[in-house]
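As a plain string of letters, each chain reads:
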Amino acid sequence: MSSENNQAVATGPGKRKAVLLAITAAFVAAGVAWGVYYQLVLSKEEVTDNAYVGGNLVTLSAQVTGNVDEIRAEETQLVKAGAPLIRLNAIDADLMLSQAEARLGNVVRQERERYASVAQYDAVIAQRRLALATAQGNLARRAPLAADQTISGEDLVHAKQAVDEAQAALAVAQRQAESVRSSVAGVDLASHPAVLSAKGDVVQAWLAVRRNAVLAPVTGYVAKRNVQLGAHVTPGTPLMAIVPLNQLWVDANFKESELRNIRIGQPATIETDLYGGKVVYHGKVLGMSAGTGSAFSLLPAQNATGNWIKVVQRVPVRITLDAQELAAHPLRIGLSTTVTVDTSHGEGARLDQPMVAGSAQATTTLALPVAEAEKLADDIIARNLRF
């Protein structure tokens with residue numbers, strides 16, 4: 001019995017020592033594995049959950065003044081680019097177009113009369129020259145008779161006055177003709193500045209009629225509808241917003257100490273709270289903000305104070321999203337995400353390249369057929385030019 005107890009006492013410390021050695025070896029192996037994993041994986045990644053979905057918020061506003069007669073879209077509805085969403089009352093615009101057309105016709109007729117008056121003044125000049133020649137002939141015939149005292153000196157004075165009056169009348173007619181001729185010289189009637197100005201008023205009034213229909217500039221979902229029926233709106237008044245959900249990105253706010261290895265073009269993976277880890281988006285680093293978030297805040301921090309505590313700043317990094325993945329799993333602006341950037345390739349640029357020629361975004365839905373308005377004005381000019 002005593003030998004068995006001694007054997008148990010001898011074997012007890014040996015077992016504990018073996019267990020402790022095994023635990024120590026396990027911790028060492030875990031530490032080595034963690035070090036290898038950090039060196040091979042974690043050291044080549046930057047992760048942040050301070051990341052949110054961003055996108056364009058296209059504000060829709062009126063281009064002319066008017067009262068709202070019709071609203072064709074509500075919030076959350078999908079609208080196509082070019083679709084009329086709001087229609088304004090067109091009575092005032094139609095009236096202004098009619099007045100502009102009448103003014104154009106009146107200007108054409110006035111200018112046509114001015115062009116015709118050039119020939120009239122030429123005829124007046126010819127008449128004044130004939131009167132002057134007649135007066136000069138009368139004076140030439142009376143001068144010898146006055147020397148012989150065949151006629152009185154008073155008749156000779158009257159003859160000289162008639163010549164002077166004829167010369168003055170000719171000068172007046174010539175000045176009037178020059179004035180009229182200077183206002184029409186060098187251009188035909190249809191190209192006269194007054195006619196072109198009135199034509200421009202017709203085109204502008206025609207555009208105002210067409211702009212009573214407020215069109216969607218892009219395809220997207222309606223959000224923030226502020227306009228109501230009967231409201232009086234003016235140019236620039238926000239009516240509603242359209243969010244194109246096919247043009248989204250992610251703004252990941254990395255700490256300033258995490259930007260050391262981030263480069264433009266590096267691949268990134270994005271997980272959202274909306275879908276969880278089941279859906280992983282793939283994108284690339286598009287660029288970095290030119291300043292920290294606090295630098296662009298409404299009230300920037302003032303660090304030149306007596307009491308100062310260093311706060312780690314964050315810089316927004318924009319991540320693009322794959323269009324096909326975004327179409328398969330739509331996102332919404334403002335959703336929370338977790339972004340992981342693969343920094344294993346660190347030879348890229350930190351700042352974006354110079355802007356290339358071309359439009360980053362463009363729309364043709366707001367363009368109107370101005371040629372149709374010009375044809376309308378040309379028809380008015382042609383009708384008023386007929387004799």
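A few points on the structure. Predicted, not measured: the structure shown is a model, and the values here were computed from it.

### Quick look at a nonpolar patch on the surface
On the surface, a nonpolar cluster with roughly 430 Å² of combined accessible area is contributed by V19, L20, I23 and F27. Assignment of secondary structure puts I23 in helix α1 (residues 2–40). In this structure I23 comes out as partly exposed when scored by relative accessible area, which is 41%.

### Concerning the sheet that holds strand β11 (residues 267–272)
Taken in spatial order, the six strands line up as β1-β10-β13-β12-β11-β14 and close into a barrel, and their pairing is antiparallel. The mean inter-strand angle of the sheet, taken between neighbouring strand axes irrespective of direction, is 45°. Where strand β1 (residues 45–55) meets strand β10 (residues 248–255), five bridges bridge the pair, whose relative direction is antiparallel. Note on β10: the bridge partner recorded for V53 is V250.

### Topic: the packing of helix α4 (residues 193–210) against helix α6 (residues 370–385)
Interaxial distance between α4 and α6 falls to 9 Å at its minimum, and their mutual angle equals 135°. Classified by the angle between their axes, α4 and α6 sit oblique to one another. The two elements α4 and α6 cross, and the hand of that crossing is right-handed. Between α4 and α6, the residues in contact are V195, K199, V202, V203, W206, L207 and R210 and V370, E372, A373, E374, L376, A377, D378 and I381, respectively. Looking at the contact of α4 with α6, its residues break down into ten nonpolar, no polar and five charged.

### A few points about the pattern of salt bridges
A full pass over the atoms with the stated rule returns six salt bridges. Between R318 and D251 there is a salt bridge, and its shortest N-O distance comes to 3.1 Å. Of this pair, R318 sits in strand β13 (residues 314–320) while D251 sits in strand β10, placing them 67 residues apart in sequence. Exposure remark for R318: the relative accessible area of 32% places this residue in the partly exposed category. Here D379 makes a salt bridge to K375, at a shortest N to O gap of 3.3 Å. With D379 and K375 both in helix α6 and four residues apart, this pair spans about one turn of that helix. What makes D379 partly exposed here is its relative accessible area of 32%. Exposure remark for K375: the relative accessible area of 51% places this residue in the exposed category. When salt bridges that share partners are traced, they join E70, R72 and R87 into one network.

### Comments concerning unusual backbone geometry
Positive phi, normally seen in glycine, also occurs at T76, with a value near 80°. Structurally, T76 is set in the loop between β3 (66–71) and β4 (78–79).

### Some details on α6
Here α6 is 16 residues long and its end C-alpha atoms lie 23 Å apart, about the 22 Å a rise of 1.5 Å per residue gives. Among all positions of α6, only A373, A377, I380, I381 and N384 are buried. Buried residues of α6, viewed axially, fall in a sector of 100°; they line one side. Exposed and facing more than 90 degrees away from the buried side of α6 are A371 and K375.

How each quantity is defined
Residues numbered from 1 in each chain as written. Predicted model: local features only at pLDDT ≥ 70, side-chain atom pairs only at ≥ 80, totals over all residues. Heavy atoms only, no water. Patch = residues over 30% accessible without salt bridge, like charges linked within 9 Å, V, L, I, M, F, W, Y side chains within 5 Å. Areas by Shrake-Rupley, 256 points an atom, 1.4 Å probe, with all protein chains shown as cover. Salt bridge = Lys/Arg side-chain N within 4 Å of Asp/Glu carboxyl O. Helix = DSSP H or I, 4+ residues; strand = E, 2+ residues; numbered from the N terminus. Buried < 20%, exposed > 50% of the residue type's maximum accessible area, 1.4 Å probe, protein only. Pairing = 2+ DSSP bridges. Axes fitted to C-alpha atoms, helices over the stretch in contact; angles between N-to-C directions. Parallel < 35°, antiparallel > 145°, perpendicular 65-115°, else oblique. Left-handed = near helix turned anticlockwise from the far one by under 90°. Contact = heavy atoms within 4.5 Å. Nonpolar A, V, L, I, M, F, W, Y, C, P; charged D, E, K, R; others polar. Expected span 1.5 Å × (residues − 1). Arc of directions from axis to C-beta.

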